[in-house]
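Chain and residue survey
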Amino acid sequence: MKKFWKWLDEDFEETILMIFLVIMACVMLWQIIMRYFFKASMSWPEEFCRYLFVFSGFLSIGYCIRREKMLKVDILLGFFPEGLKKAVDLIGRIVTLVFFAYLTYYAYFATMNSKAGGMKSSAMGWPMWIIYGSVFVGSAIGVVREIQDLYRWFKKNTKKEEAKSC
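This text gives an overview of the structure that appears in the document. (Residues numbered from 1 in each chain as written. Predicted model: local features only at pLDDT ≥ 70, side-chain atom pairs only at ≥ 80, totals over all residues. Heavy atoms only, no water.)

So, the overall build of the protein
Tallying secondary structure elements over the protein gives 4 helices and 0 strands in all. Secondary structure of the protein in N-to-C order comes out as α-α-α-α. At 21 Å, the protein has a C-alpha radius of gyration far larger than the 15 Å of a compact globule built from 166 residues. By principal-axis analysis of the C-alpha atoms, the protein measures approximately 75 × 40 × 35 Å. Within the protein, the fraction of its 166 residues that count as buried is 29%. (Helix = DSSP H or I, 4+ residues; strand = E, 2+ residues; numbered from the N terminus. Rg over C-alpha atoms; globule rule 2.2 N^0.38 Å. Buried < 20%, exposed > 50% of the residue type's maximum accessible area, 1.4 Å probe, protein only.)

Regarding unusual backbone geometry
Both trends apply: most residues other than glycine have a negative phi, and most peptide bonds are in trans. At Lys39, a residue that is not glycine, the phi angle is positive and equals roughly 55 degrees. With respect to the secondary-structure elements, Lys39 resides in the loop between helix 1 (2-37) and helix 2 (45-66). One non-glycine residue with positive phi stands out, namely Glu68, at about 55 degrees. Within the fold, Glu68 resides in the loop between helix 2 and helix 3 (82-117). For Glu68, a relative accessible area of 52% gives the class exposed.

Side note on the state of the cysteines
Summed over all chains, the structure comprises 0 disulfides. Unpaired in terms of disulfides, Cys26 finds its nearest cysteine sulfur in Cys49, a separation of 9.7 Å. Given the relative accessible area of 8%, Cys49 is considered buried. (Disulfide = S-S within 2.5 Å.)

Quick look at the packing of helix 1 against helix 2
Look at helix 1 against helix 2: their axes get within 9 Å of each other, and the N-to-C directions meet at 160 degrees. Classed by the angle they form, the pair helix 1 and helix 2 counts as roughly antiparallel. Between helix 1 and helix 2 the crossing geometry is left-handed. (Axes fitted to C-alpha atoms, helices over the stretch in contact; angles between N-to-C directions. Parallel < 35°, antiparallel > 145°, perpendicular 65-115°, else oblique. Left-handed = near helix turned anticlockwise from the far one by under 90°.)

Some details on helix 1
Taking 1.5 Å per residue, 36 residues should reach 52 Å; helix 1 reaches 49 Å between its end C-alpha atoms and fits that length. Bending of helix 1 peaks at approximately 70 degrees at the position of Asp11. For helix 1, the complete set of buried residues consists of Asp9, Glu13, Leu17, Phe20, Met24, Val27, Gln31 and Met34. The first or second residue beyond helix 1 is Lys39, which carries a positive phi of 55 degrees. (Expected span 1.5 Å × (residues − 1). Bend = angle between axes of the 7 residues up to and from the residue.)

Observations regarding helix 3
For helix 3, built from 36 residues, the straight-helix expectation of 52 Å at 1.5 Å per residue is met to within 8% by its first-to-last C-alpha distance of 52 Å. Here helix 3 has its buried residues at Lys86, Leu90, Arg93, Leu97, Phe100, Thr104, Ala107, Thr111 and Ser114. The first or second residue beyond helix 3 is Gly118, which carries a positive phi of 75 degrees.

Some thoughts on the side chain of Lys86
Along the chain, Lys86 falls in helix 3. Classification of Lys86 as buried rests on a relative accessible area of 19%.

Observations regarding the nonpolar core
Ranked by size, the top nonpolar core spans 10 residues in total: Leu17, Phe20, Met24, Val27, Phe48, Cys49, Leu52, Phe55, Leu59 and Ile141. Within the residue set of this core, elements represented by two or more residues are helix 1 and helix 2. It is helix 2 that provides the largest number of residues to this core, a total of 5 residues. When sequence neighbours within four positions are dropped, the list of residues in contact with Phe55 reads Phe20, Ile130, Ile131 and Ser134. If you look at the next biggest cluster of nonpolar residues, it comprises 8 residues, including Ile61, Ile65, Val143 and Leu150. (Core = buried A, V, L, I, M, F, W, Y, C linked by side-chain atoms within 4.5 Å. Contact = heavy atoms within 4.5 Å.)

What follows is the structure in structure tokens.
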């Protein structure tokens, strides 16, 4: 069970993103083969790959936070004293958490409104709430990952302060 939690913590998003990429490549390859060799184009592969791409974009939020690959303008931080650097870094992490919490909250309502509306996608006939749900799922994972990131940040900085005081 410990292996599962370690995988969930470290590789969950990456694994899902790789699976989505392989599925998209296979589906589009099949579409190309059908179109050029059998002269029978299918209507659903482009829409399917587009939706997987959207899901991939929102799932990559958690991946980027976990791997500390979020976009930052840190060139100015080099001019600040060490204490101010930490404060600005912490404020940035908290703002990120608040943003994803806000996005999660409103994405939930957008998803539920879409579900109540009963819209379906044009080619595959999928309920559109599944597509809108990608925003909710991605931002919720972003909230969880940002909380983990803040925990690690405090743990790391507390250890540094303890080492300095000794």
